[in-house]
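# Structural overview
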Amino acid sequence: PPTMDGCLLSDARGREIASALPDLPGPGRAALGISRERMDLALVSLARRRGAVVRERCEAAEPVVEQGRVVGVRLRAHGEVVRARVVVAADGRRSIVQRAFAPGAGDPLRTTDASWYGFKVHLQGDPSRLSGRVELHLFQGGYAGLGAIEGGRLNLCFLATVATLRACGCATSPRATASM
């Protein structure tokens, strides 16, 4: 993967500031530009090598909670319960674990103007134009980020409030917004 050692921040007025990334003990300044797909594969591989049992093509339907602690999940297909010492809820906005403890917090049908919407796309491009840095372009109601990733590609991400999207004509109703 490509390395980055700097960051460029810009705002809607065209102001920019460039800075080196922090120099951390051990890794130093260099950050790696890795796609989520590549990172997930590396994490699963490492987990297997360290003894984790990995279950693929399974969907968790609900957490199993005992004495206020998540101790496993019930799988959707057959209702099988899978127990674990540690359960990691890495399932995003619609998290079954989050909804079990805070039912309204992760409900995509309760999208409001203050809710956030994000997307990412990998583009073919010339990563050298970024000069070894990640770029964050801030605007009222969100930001866009651009960074180099493996394979000579660029990762473009975008995060904005639903109110910002509506102001641009990108979303007109709560139902349309919830299905994005």
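Coordinates for the structure precede this section.
Report follows, based on the coordinates. (Residues numbered from 1 in each chain as written. Predicted model: local features only at pLDDT ≥ 70, side-chain atom pairs only at ≥ 80, totals over all residues. Heavy atoms only, no water.)

This part covers the sheet that holds strand 7 (residues 81-83). The antiparallel open sheet is built from three strands, whose spatial order is 5-6-7. With partners counted over all chains shown, the strands left at the sheet margins are strand 5 (60-66) and strand 7, one partner each. The sheet shows a mean angle of 35 degrees between the axes of neighbouring strands, direction not considered. Across six bridges, strand 5 lies against strand 6 (residues 69-75) in antiparallel orientation. Paired with Val65 across the two strands is Val70, which belongs to strand 6. (Pairing = 2+ DSSP bridges. Helix = DSSP H or I, 4+ residues; strand = E, 2+ residues; numbered from the N terminus. Axes fitted to C-alpha atoms, helices over the stretch in contact; angles between N-to-C directions.)

In this section: the side chain of Ser35. With respect to the helices and strands, Ser35 occurs in the loop between strand 4 (31-32) and helix 1 (36-49). If we ignore the near neighbours within four places in the chain, the residues touching Ser35 are His122, Ile149, Glu150 and Arg153. (Contact = heavy atoms within 4.5 Å.)

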